[in-house]
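Letter by letter, the chains look like this.
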Amino acid sequence: MPQPNNGMGDSIDGPIGPVSYSILTQIRDLCLNEEPLVEATCFDDPIDPTELVLTFSRGVESPGRMEITWWVRGAYRYHYTEPEGVDFRFDNHPKTAAPDTHFHPPPDAGTAEPSFLHGVRQPQVVTRAVLTRWRQAVVEPAGLRNLNE
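Residues numbered from 1 in each chain as written. Predicted model: local features only at pLDDT ≥ 70, side-chain atom pairs only at ≥ 80, totals over all residues. Heavy atoms only, no water.

Undergrad: Is there a simple way to think about the sheet that holds strand β4 (residues 76-81) in this case?
TA: Strands in a sheet are paired, the pairing made by backbone hydrogen bonds, and the direction either parallel or antiparallel. Pairing is antiparallel in the open sheet, where seven strands are placed in the order β1-β2-β3-β4-β5-β6-β7. With one partner strand each, in any of the chains shown, β1 (38-43) and β7 (113-114) form the two edges of the open sheet. Its contacts with the sheet put helix α1 (residues 21-34) on β1, β2 (52-56), β3 (65-70) and β4, and the angle it makes with β1 is roughly 165 degrees. Contacts from helix α2 (residues 123-139) reach β2, β3, β4 and β5 (87-92) within the one sheet, and its direction differs from that of β4 by about 20 degrees. (Pairing = 2+ DSSP bridges. Helix = DSSP H or I, 4+ residues; strand = E, 2+ residues; numbered from the N terminus. Contact = heavy atoms within 4.5 Å. Axes fitted to C-alpha atoms, helices over the stretch in contact; angles between N-to-C directions.)

See the structure below:
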């Protein structure tokens with residue numbers, strides 16, 4: 001039975017379990033300690049959080065935000081968006097039309113393609129890799145083209 005899409009824009013095709021608040025807390029702490037362009041963090045719901053929201057002081061076109069969800073069975077979603085239209089997402093969850101670990105490219109989080117994160121499962125490693133690619137997109141002219149390489 002498909003899981004609710006939790007605002008992901010496409011369905012999750014298999015069981016992924018509940019959201020892991022403890023892992024989201026670890027990711028939040030890592031982002032606050034290691035990424036100086038993180039301006040603020042918050043959880044979407046203080047009682048029953050389903051995602052961590054990072055707000056950045058800079059972005060590709062304008063300051064953006066990243067919504068992160070990590071489920072107890074290792075599924076994840078890192079969705080970056082800016083008001084000016086830059087939108088991409090790194091996902092790891094069962095999906096019929098794509099590999100479990102996939103990437104929705106900018107500018108509009110288009111059709112899923114295989115992700116460079118295939119085989120990477122540790123939350124800290126995934127977070128550092130996504131933040132590194134995001135930072136490169138912010139500071140390098142060709143950065144958006146290199147997000148998934």
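Here the narrative resumes.
Undergrad: I keep staring at the side chain of E82 and nothing clicks. Help me out?
TA: Looking at the secondary structure, you find E82 in the loop between β4 and β5. No salt bridge is formed by the buried E82; the nearest opposite charge belongs to R58, separated by 9.2 Å. A distance of 2.8 Å separates a polar atom in the side chain of E82 from the backbone nitrogen of E61. For E82, the residues in contact, after removing those within four places along its chain, are G59, V60, E61, S62, P63 and G64. (Buried < 20%, exposed > 50% of the residue type's maximum accessible area, 1.4 Å probe, protein only. Lys, Arg positive; Asp, Glu negative; His and termini not counted. Salt bridge = Lys/Arg side-chain N within 4 Å of Asp/Glu carboxyl O. Polar contact = N/O pair within 3.5 Å; in protein donor to acceptor, adjacent residues only side chain to side chain.)

Undergrad: Help me understand the packing of aromatic side chains, please; the structure alone is not making it clear to me.
TA: Aromatic ring pairs are defined here through the distance separating the ring centres and the angle between the ring planes. Inspection of the entire model under this criterion finds twelve aromatic pairs. Their ring planes at 25 degrees and their centres at 4.9 Å tell us that W70 and Y76 sit as a pair that is stacked. Given a relative accessible area of 0%, Y76 falls into the buried group. Through a chain of ring-to-ring contacts, three or more aromatic side chains come together here, namely F56, Y80, F88, F90, F103, F116 and W134. Above the ring of F116, the side-chain terminus of R133 is found at 3.8 Å from the ring centroid. (Phe/Tyr/Trp six-rings, centres within 6.5 Å; stacked < 30°, edge-to-face > 60°. Lys NZ or Arg CZ within 6 Å of the ring centre and 35° of its normal.)

Undergrad: Sorry, what's going on with the pairing of β2 here?
TA: Looking down a regular strand, the side chains alternate between one sheet face and the other. Counting buried positions over the five residues of β2 gives four, a clear majority of the element. As paired elements, β1 and β2 share five bridges and run antiparallel to each other. For T41, the partnering residue across the bridge sits in β2 and is L54. Relative to β3, β2 runs antiparallel, the two being bridged by four bridges. Paired with V53 across the bridge in β3 is E67.

Undergrad: How should I be thinking about the nonpolar core in this particular structure?
TA: Note on soluble globular proteins: their nonpolar side chains tend to be buried together. One finds F56, M66 and Y78 to be the most contacted residues of the largest nonpolar core, which totals 30 residues. Contributing elements (two or more residues each) for this core: α1, β1, β2, β3, β4, β5 and α2. For M66, the residues in contact, after removing those within four places along its chain, are L52, V53, L54, F56, Y78, H79, Y80, V130 and W134. (Core = buried A, V, L, I, M, F, W, Y, C linked by side-chain atoms within 4.5 Å.)

Undergrad: How do you make sense of the side chain of H104 when you look at a structure like this?
TA: Note on placement: H104 falls in strand β6 (residues 101-104). Within polar-contact distance, the side chain of H104 engages the side chain of D91 at 3.3 Å.

Undergrad: Sorry, what's going on with unusual backbone geometry here?
TA: Phi is mostly negative for residues that are not glycine, and the peptide bonds are mostly trans. With an omega dihedral of 10 degrees, the bond running from P106 to P107 counts as a cis peptide bond. Along the polypeptide, P107 turns up in the loop between β6 and β7. Of note, A109 is a non-glycine position whose phi angle comes to about 50 degrees, a positive value. Within the secondary structure layout, A109 lies in the loop between β6 and β7. We classify A109 as buried; its relative accessible area is 16%.

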